[in-house]
Amino acid sequence: MVFVRTTPPRPVEVTAVFPELAPLARPAIRLHPRPGSPSVGDSSVGGPLLWPADEPWPHCEDAHLHGDSGFRQSPAEVRLDRHSRARRYEDPYGPSFTPEEQAALEQKAARYAELLDAGPPWPAERPVPLLPVAQLYVRDVPLLRPPGGADLLQVLWCPYDHEPDWKPATAVFWRSAASVVDVLATPPEPYEANCSGYVPEPCLLAPEAITEYPNSLDLSAELRKVVGDWSRWQAAGADVDGSYAEYPAEFYHCNLANAPGWKVGGWPPWGRTDPYRRYCTVCDAQMVPLLTIASFEWDSNRYGWVPYEDRAAYADGHPAGLSPAQPTRVEVGSTDNMQLYVCPTSPEHPHTDLIQ
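Conventions adopted
Residues numbered from 1 in each chain as written. Predicted model: local features only at pLDDT ≥ 70, side-chain atom pairs only at ≥ 80, totals over all residues. Heavy atoms only, no water. Buried < 20%, exposed > 50% of the residue type's maximum accessible area, 1.4 Å probe, protein only. Helix = DSSP H or I, 4+ residues; strand = E, 2+ residues; numbered from the N terminus. Pairing = 2+ DSSP bridges. Contact = heavy atoms within 4.5 Å. Core = buried A, V, L, I, M, F, W, Y, C linked by side-chain atoms within 4.5 Å.

Enquirer: Which residues make up the pairing of strand S7 (residues 152-162), and what values go with them?
Expert: Counting buried residues along S7, eleven of its eleven residues qualify, which places the element largely inside the surrounding structure. Relative to S7, strand S6 (residues 131-137) is paired through six bridges, and the arrangement is antiparallel. Paired with Leu131 across the strands is Trp157, a residue of S7. The pairing of S7 with strand S8 (residues 167-175) spans eight bridges and is classified as antiparallel. What sits directly across from Gln154, in S8, is Phe173. Remark: four residues form the turn of the hairpin made by S7 and S8, two consecutive strands paired antiparallel; Trp166 in that turn has positive phi of roughly 55 degrees.

Now the structure itself:
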């Protein structure tokens, strides 16, 4: 299935009001994940990976004994529950499965129940298979800067909370798609997840190139004053609702700065915390965003970023947590965003991850 998502133009041309921000513009690609049935040949969120059959599947070696959420479901059960809710509420934006996919998930869920009845050892006592989070082909997301001859980025995580930030631990792999001859048909899955939000819903992508400007917290003190100066907005003739006169910086933050949702590149969406700089452990360069993993594609404060094609879904509203604003069903952190960073000098240097 080929689909598109189109971000509406910004209500104000940023550099027309604040030419000082022009040097801070960054390219970004909004991924627009939406539930579907991706294959190993697709860019996806939560979909199957083009993984070599002769390469060991990555596992997390952490003990996972430092926290227990009380959640007791396998990834297969999580997906079946979502599908059941989508059918119950006849949600056209919810997940759907082919009969074959449905049967496979039911078999996995039944196997989990058998293990539970048999009283298996606490799963955290053994290495935990990682879950696919994202697979991005450079042909779909040209903003990626892969090392060497790689043209494919694969991100996985362990679906347990990990210290010190109580978040999934990630693993990043770059590879050449052409080098994968035999694909691993049945990757191992974790016995259970620490939270249903750590099991991404399989989604296809509709990549869209945009230009971003920094979050207010990434601006210098001088530029924050400039953006917060209502007289500057008036002098430029910007068509901004007068209700923002007291806090014009809020209009900039919600409508003109960095886009919400899953994206590659751009600026990080800082929330309740001040920017936390990350530096490369090899060359000491300041790391830049590689991938933003988001719980939500938009919220009520950032309606202007809702793609044209999703406006009807936004207006409809959906019960039982099946909001079209949360297509991946991912939940990460109290501020709903997680960033993976890459060294601007060399993508071969170690990546870092950060939850906000």
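Enquirer: Residue-level account of the environment of Pro11, with values.
Expert: Residue position: Pro11 is located in the segment before helix H1 (14-17). Note: C-alpha distance between Pro11 and Leu256 (245 residues apart in sequence) is 7.8 Å. In this structure Pro11 touches Phe251, Asn255 and Leu256, once residues within four positions along its chain are discounted.

Enquirer: Describe the nonpolar core, with residues and values.
Expert: Formed by 30 residues in total, the largest nonpolar core has its most connected members in Leu31, Leu136, Val155, Trp157, Trp262, Leu291 and Ile293. Elements that contribute at least two residues to this core include exactly S6, S7, strand S12 (288-294) and strand S13 (337-342). With residues up to four places along the chain from it excluded, the contact list for Ile293 reads Val133, Trp157, Trp262, Val330, Val332, Asp336, Asn337 and Met338.

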